[in-house]
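Here is how the chains run, residue by residue.
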Amino acid sequence: MSTMNFHLRLWKQKSASDQGKFIEIHATEIPSECSFLEMLDIVNNRLTKEGKEPVSFASDCREGICGTCHMVINGVPQGPGRGAACQVYMRKFTNGQTITVEPFRAGAFPIVKDLVVNRSAYDRIIRSGGFITEHTGGAPDASAILIPKPVADAAMDAAACIGCGACAAACPNSSAMLFVGAKVTHLGLLPQGQGERKKRARSMVRTMQEEGFGNCSNYYACEAVCPAGVKADVISMLNREYVRGELSVAVGAID
Amino acid sequence: MSGSASSKKSCCSCSPLFSSSIGRKWIVALTGIVLVLFLIGHLLGNLSIFLGPDAMNAYAAFLKSTEELLWVVRIVLLTCVVLHIWFTITLWHENKRARPQKYAVKNELGTTVYARLMRISGLTVLAFVLYHLAQFTWQSFNPEYKTWVDAQGRHDVYRMVVTAFSCPFVSGFYLIAVGLLGMHLSHGIASLFQTLGLSNQKLRPVLERGGLILAWILFVGFASIPASVLLGLVKVTSGLPSCPVCH
Ligand code: HEM
Ligand code: SF4
Ligand code: FES
């Protein structure tokens, strides 16, 4: 098992109101098979042994599906390559490389501590429209509602979003349009999502603005980092869905 | 963090189409379309300079003869310019606020230089448009332009343009400004389709290529006029044009 050395610059910040700064760490003898988060675990264990405070970061599943991990590695939210930060491996870096790790930077994601930000703003956007109304009770027959394959595929592509926040972190305007677009596309394409369709885009976009996310300038930085491979098509669809919803209200349409 | 870090005061009497993030982007895109269509028409008209003084002066006299229509066009264009700029500035202001702290390591993920320079290119185009109007429409720098008439008694627009462009500073500024216009539209044309919800994975490369081509056709077209004057390809036959600015 080969090992590697890295020069790390890790962001330390006590709380949202604190002025943060980078700490420099020479991380030696890191197994090249480590994931990025395992490397941080090793560094943190060493810091703890030295009686120093470890660097806080968030993670849960560590298999790229929960969207909990979030950090910016060398300027790239969720790090190099497809996948969340937990899917980055040290062998992708070169021995001796300087690696800078910063928290997501978006006014709507306030810093909790070090690399951890509060992404509840995305939860509040979901609460304002990212749902469908459905009977509880026995699971319906999977083929009871027929959905054409291309529609199901497009909805599934959008449903791949894990809500990680990298889109707003990557966007120069801290816009959440890829995330909101993913939800509006996913639910808006499927028959089960029609009930709330016109309201959904309007209220999610309103919440997005109230939370302080920026506006889309069609930079496509979100698409370049999205670990779930969500495409900016969903933003195009959101732009359509939103105006359709507002126009219906403006002309007094029933739904 | 409280859920209502409110940033948007919605004007209660009008639809969110005029205050929301996406509504305002639509207005920027729709006014952008009007401005691009105007540019295409304006260029086609201006190219009459290559047909000689008679063609250009006749074209100018024709425009002037449609006084009422001309005013409708002017008012529509002015409205579009004001809306376009007003909404981009408010959007821009919010975008800056949304990212209070910059990253230590910059990474220009996915974005193009044209997209990042939209504000600079837009504002230069605005400054240019004002200069351009002052020069040729209001003729405020050289009031004598007003008195120039050709043999048929029409305003000698041809002579005015050739005289003005024979100054390398004036021509140079025009070339730079239309270059920045080309950059603005290199992002803007494809971008507006995305904003209006008319783009997807399959169309995007086509729209981006097409937008780029149209943007730089407009650049070459507009740039060809001052360039041809500077190179002596287009000149006045009677009397040497002395440069009105630097003499
Ligand atoms: C001949 C004049 C102009 C034309 C033809 C034009 C055209 C366009 C077009 C087509 C777009 C794309 C709209 C979209 O993505 O939805 C755009 C965007 C933009 N324009 Fe202009 N524009 C002009 C003048 C200006 C001026 C004077 C400014 C000055 C501030 C400006 C600033 C912007 C900005 C900042 C954007 C990006 C908006 C965003 O993505 O949020 N433009 N323009
Ligand atoms: S769209 Fe992609 S980048 Fe944005 S929250 Fe979802 S998974 Fe993360
Ligand atoms: S920890 Fe679950 S996606 Fe990274």
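The structure presented is a predicted model; accordingly, all values stated were derived computationally and were not measured.

J.: How do you make sense of the overall build of chain A when you look at a structure like this?
T.: Looking only at helices and strands, chain A has 8 helices and 7 strands in total. By its C-alpha atoms, chain A is 65 × 40 × 35 Å across when sized along the principal axes. Classification of the 255 residues of chain A by burial places 54% in the buried group. Long-range contacts, defined as pairs at least 24 residues apart, comprise 69% of the intrachain contacts of chain A with a sequence gap of at least 6. Here chain A displays about 11,100 Å² of accessible surface, and carbon together with sulfur accounts for 54% of that area. Averaging the coordinates of the 27 positive side-chain charges in chain A and doing the same for the 25 negative ones gives two points 3 Å apart.

J.: I would appreciate a short explanation of the overall build of chain B in the present structure.
T.: What chain B contains, in helices and strands, is 8 helices and 0 strands. Moving toward the C terminus, one meets the helices and strands of chain B in the order α-α-α-α-α-α-α-α. Split into buried and exposed, the 247 residues of chain B put 44% on the buried side. Contacts spanning at least 24 positions in sequence make up 74% of the contacts within chain B whose residues lie at least 6 apart. Accessible area of chain B: about 13,300 Å², with a carbon and sulfur share of 72%.

J.: Hey, could you run me through the site of ligand 1 in this one?
T.: All names here are of chain B. In the vicinity of ligand 1 lie 25 residues, with His-84, Gly-122, His-184, Ser-191 and Thr-195 positioned nearest. Within the side chain of Lys-25, one N or O atom sits 3.3 Å away from an oxygen atom of ligand 1. Contacts to ligand 1 include His-84, whose side-chain N or O atom sits 2.8 Å from a nitrogen atom. Put simply, the parts of the chain that give the shell around ligand 1 at least two residues each are helix H1 (21–46), helix H3 (67–98), helix H5 (118–137) and helix H7 (168–195). Here the residues of the shell around ligand 1 are counted per class, giving 13 nonpolar, 10 polar and 2 charged.

J.: Hey, could you run me through the packing of aromatic side chains in this one?
T.: Two measures describe an aromatic ring pair: the distance that separates the ring centres and the angle between the ring planes. All names here are of chain A. The tally for this structure, following the rule as stated, stands at 19 aromatic pairs over all chains. Seen from their ring centres, Trp-11 and Phe-22 are 4.9 Å apart, and the 80 degrees between their planes marks the pair as edge-to-face. Remark: Phe-22 occurs in strand S2 (residues 21–31) and Trp-11 occurs in strand S1 (residues 3–12); sequence separation between them is 11 residues. Phe-22 matches Trp-11 in its accessibility class, with the two residues each being buried.

J.: How should the site of ligand 2 be read in this particular structure?
T.: Taken together, 13 residues are adjacent to ligand 2, and Cys-161, Cys-164, Gly-165, Cys-167 and Cys-226 of chain A come closest. If you list the elements that add at least two residues to the shell around ligand 2, you get helix H4 (166–170) and helix H5 (177–189) of chain A.

J.: Whenever I open this one, the coordination of the iron atom of ligand 1 confuses me. Can you help?
T.: Residue and element names in this part refer to chain B. The protein atoms that coordinate the iron atom of ligand 1 are His-84 (NE2) and His-184 (NE2), at distances of 2.0 to 2.1 Å. Considering all 6 donor atoms around the iron atom of ligand 1, angles at the metal cover 87 to 180 degrees and the coordination shape is octahedral. Placement of the pair is His-84 in helix H3 and His-184 in helix H7, with a sequence separation of 100 residues. The two residues His-84 and His-184 agree in class, both being buried.

J.: Quick question: what am I supposed to make of the domain arrangement of chain A here?
T.: Residue and element names in this part refer to chain A. For chain A, the domain assignment lists domain 1 (3–113) and domain 2 (119–250). Each of domain 1 and domain 2 has a C-alpha centre, and the two are 29 Å apart. With 17 residues of domain 1 in contact, the opposing surface of domain 2 contributes 22 residues. Surface buried jointly by domain 1 and domain 2 totals about 1,400 Å² across both partners, of which 62% is contributed by carbon and sulfur atoms.

J.: Just checking my understanding: could you explain H3 of chain B for this structure?
T.: In an α-helix, one turn spans 3.6 residues, which is why side chains three or four residues apart end up on the same side. Here H3 of chain B is 32 residues long and its end C-alpha atoms lie 46 Å apart, about the 46 Å a rise of 1.5 Å per residue gives. Buried within H3 of chain B we find Leu-70, Leu-77, Cys-80, His-84, Phe-87, Thr-90, Leu-91, Glu-94, Asn-95 and Ala-98 of chain B. Buried positions along H3 of chain B lie against helix H6 (197–210) of chain A together with H1, helix H2 (53–65) and H7 of chain B.

J.: I tried to follow the confidence of the model for chain B on my own but got confused; where do I start?
T.: Detail in the predicted coordinates should be disregarded across regions flagged by low pLDDT. Residue and element names in this part refer to chain B. The share of residues in chain B with pLDDT of 70 or more is 90%, and the mean pLDDT across the chain is 89. Across residues 1–12, confidence stays below pLDDT 50; counting only partners more than four residues off in sequence or on other chains, it has 19 contacts. Reported confidences for the modelled complex are a pTM of 0.92 and an ipTM of 0.93.

J.: Looking at this structure, I do not really get the pattern of salt bridges. What am I missing?
T.: Two side chains bearing opposite charge may form a pair once their charged atoms approach each other closely. For the structure shown, the criterion picks out 17 salt bridges over all chains. Taking the shortest distance from any N to any O, the salt bridge between Asp-153 of chain A and Lys-149 of chain A comes out at 2.9 Å. Taken together, the residues span about one helical turn, with Asp-153 of chain A and Lys-149 of chain A both in helix H3 (residues 149–159) at a distance of 4 residues. Among the residues examined, Asp-153 of chain A registers a relative accessible area of 35% and is labelled partly exposed. Salt-bridge contacts for Glu-94 of chain B lead to Arg-24 of chain B; the nearest nitrogen and oxygen are separated by 3.0 Å. Here the residue Glu-94 of chain B occupies a position in helix H3, and Arg-24 of chain B occupies one in helix H1, the gap between them amounting to 70 residues.

J.: Help me understand the layout of surface pockets, please; the structure alone is not making it clear to me.
T.: Of the voids in this model, the second largest pocket is the one considered here, and its volume is about 650 Å³. Where the lining of the second largest pocket is concerned, the elements lending two or more residues are H4 of chain A together with H3 of chain B. The element contributing the most residues to the lining of the second largest pocket is H3 of chain B, with 3 residues.

J.: Explanation requested: the interface of chain B and chain A in the structure shown.
T.: A common measure of how large an interface is: the accessible area buried when the components associate. Taken together, the contact pairs 49 residues of chain B with 54 residues of chain A. Summed over both sides, the interface between chain B and chain A buries roughly 4,000 Å², with carbon and sulfur atoms accounting for 52% of that surface. Taken as a group, Ile-22, Tyr-103 and Gln-194 of chain B account for 16% of the area that chain B buries against chain A, more than any other trio of residues on that side. Where chain B packs against chain A, one counts 1 salt bridge. Going through the elements one at a time, H1, H3, helix H4 (113–116), H7 and helix H8 (203–230) of chain B are the ones with two or more residues in the side of chain B that touches chain A. No other element matches H1 of chain B, which puts 6 residues into the side of chain B that touches chain A. Residue composition of the side of chain B that touches chain A, by class: 16 nonpolar, 23 polar and 10 charged.

Here is what the cut-offs are and how they apply
- Residues numbered from 1 in each chain as written.
- Chains lettered and ligands numbered in written order.
- Predicted model: local features only at pLDDT ≥ 70, side-chain atom pairs only at ≥ 80, totals over all residues.
- Heavy atoms only, no water.
- Helix = DSSP H or I, 4+ residues; strand = E, 2+ residues; numbered from the N terminus.
- Buried < 20%, exposed > 50% of the residue type's maximum accessible area, 1.4 Å probe, protein only.
- Contact = heavy atoms within 4.5 Å.
- Areas by Shrake-Rupley, 256 points an atom, 1.4 Å probe, with all protein chains shown as cover.
- Lys, Arg positive; Asp, Glu negative; His and termini not counted.
- Charge placed at Lys NZ, Arg CZ, Asp CG, Glu CD.
- Near = heavy atom within 4 Å.
- Polar contact = N/O pair within 3.5 Å; in protein donor to acceptor, adjacent residues only side chain to side chain.
- Nonpolar A, V, L, I, M, F, W, Y, C, P; charged D, E, K, R; others polar.
- Phe/Tyr/Trp six-rings, centres within 6.5 Å; stacked < 30°, edge-to-face > 60°.
- Donors = N, O, S within 2.8 Å, 3.2 Å for Na, K, Ca; no water.
- Tetrahedral: all angles 85-135°; square planar, octahedral: opposite > 155°, others 65-115°.
- Domains from an automatic or database assignment.
- Buried area = accessible area lost by both parts, 1.4 Å probe.
- Expected span 1.5 Å × (residues − 1).
- pLDDT = per-residue confidence, 0-100.
- Salt bridge = Lys/Arg side-chain N within 4 Å of Asp/Glu carboxyl O.
- 1 Å grid on protein atoms, 1.4 Å probe; cavity = no way out; pocket = protein on both sides within 12 Å on 5 of 7 lines; lining within 4 Å.
- Points joined across faces, edges and corners; volume = space filled by probe spheres on them.

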